[in-house]
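# Fold and geometry: a report
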Amino acid sequence: MVVRTQRQVVDYALRRRSLLAQVHAGRVGVMEVCDADPYLLQAAKFHGEPSDVTCPVCRKERLTQVSWVFGDELKHASNSARSPEELERMATMFEEFNVFVVEVCRTCSWNHLVLSYVLGTGGRDGRRRGRRTAAE
């Protein structure tokens, strides 16, 4: 899902490809990459979105994408998993927060950061904080 206000997007596909090449060549152990935290596995179960991509390690099931949010403005909601619907709503409520999308295999515990971006109003809703510049 793509939210219109996404900015500062970083795709980690090259890093993922490199890591998987090292795993398949035997330079990195499967246990080193299949180490998802139990909290991440629970978040995948309840907040994740199924993808069309099969796990590159165990090849037994489709991966689940989990979106984690971080930001000072989020207060207690920071460092939590959110559904795409929640992200859309939050993007209209907060000035700026970071989203990190992690793919997770609930079978073998493979997990990898696939995408990060910034969401929020960007101060366009008149709720700007802090000092104003001379131009304002």
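Right, let's walk through the structure included here. (Residues numbered from 1 in each chain as written. Predicted model: local features only at pLDDT ≥ 70, side-chain atom pairs only at ≥ 80, totals over all residues. Heavy atoms only, no water.)

The end-to-end C-alpha separation of helix 1 (residues 13-24) is 16 Å, in line with the 16 Å expected for 12 residues at 1.5 Å each. For helix 1, the full list of buried residues reads Arg-16, Leu-20 and Val-23. Buried positions in helix 1, seen along its axis, are confined to an arc of 55° and lie on one side of it. Those residues of helix 1 that are exposed and angled more than 90 degrees off the buried face are Leu-14, Arg-15 and Arg-17. Buried residues along helix 1 sit against helix 2 (30-33), strand 2 (49-54), strand 3 (62-70), strand 5 (97-104) and strand 6 (111-119). Directly after helix 1, the chain includes Gly-26, whose backbone phi takes a positive value near 85°. (Helix = DSSP H or I, 4+ residues; strand = E, 2+ residues; numbered from the N terminus. Expected span 1.5 Å × (residues − 1). Buried < 20%, exposed > 50% of the residue type's maximum accessible area, 1.4 Å probe, protein only. Arc of directions from axis to C-beta. Contact = heavy atoms within 4.5 Å.)

For Thr-64, the location among the structural elements is in strand 3. Residues within four places of Thr-64 in sequence aside, it is in contact with Ala-44, Gly-48, Glu-49, Pro-50, Val-102, Glu-103, Val-104 and Arg-106.

The geometry of two aromatic rings is summed up by the distance between their centres and the angle between their planes. For the structure shown, the criterion picks out three aromatic pairs. Between Tyr-39 and Trp-68, the aromatic rings sit 5.6 Å apart at their centres with planes inclined by 45°, giving tilted as the arrangement. Of this pair, Tyr-39 sits in helix 3 (residues 38-47) while Trp-68 sits in strand 3; the two residues are 29 residues apart in sequence, bridging distant segments of the chain. Taken together, a centroid distance of 6.3 Å and an interplanar angle of 85° make the contact between Phe-94 and Phe-97 edge-to-face. (Phe/Tyr/Trp six-rings, centres within 6.5 Å; stacked < 30°, edge-to-face > 60°.)

Time to look at the environment of Gly-71. Here Gly-71 lies in the loop between strand 3 and strand 4 (80-82). Gly-71 gets classed as buried once you look at its relative accessible area, which sits at 16%. Here the alpha-carbon distance between Gly-71 and Glu-96, two residues 25 residues apart in the chain, equals 7.3 Å. Those residues in contact with Gly-71 that sit more than four places away from it in its chain are Ser-78 and Phe-97.

Attention shifts here to unusual backbone geometry. You will see that Asn-79, though not glycine, has its phi angle at about 65°, which is positive. Tracing the backbone through its elements, the reader meets Asn-79 in the loop between strand 3 and strand 4.

Core analysis: the largest hydrophobic core is formed by 13 residues, its most contacted members being Val-69, Leu-74, Leu-87, Phe-97, Val-99 and Leu-119. Elements supplying a minimum of two residues to this core: helix 4 (84-93), strand 5 and strand 6. Leu-20, Val-23, Cys-34 and Trp-110 belong to the second-largest nonpolar core, a separate cluster that totals 12 residues. (Core = buried A, V, L, I, M, F, W, Y, C linked by side-chain atoms within 4.5 Å.)

Bringing the pattern of salt bridges into the picture now. The tally for this structure, following the rule as stated, stands at four salt bridges. The partner of Arg-82 in a salt bridge is Glu-86, and the shortest N-O contact between them spans 3.3 Å. Classification of Arg-82 by relative accessible area gives buried; the value is 18%. (Salt bridge = Lys/Arg side-chain N within 4 Å of Asp/Glu carboxyl O.)

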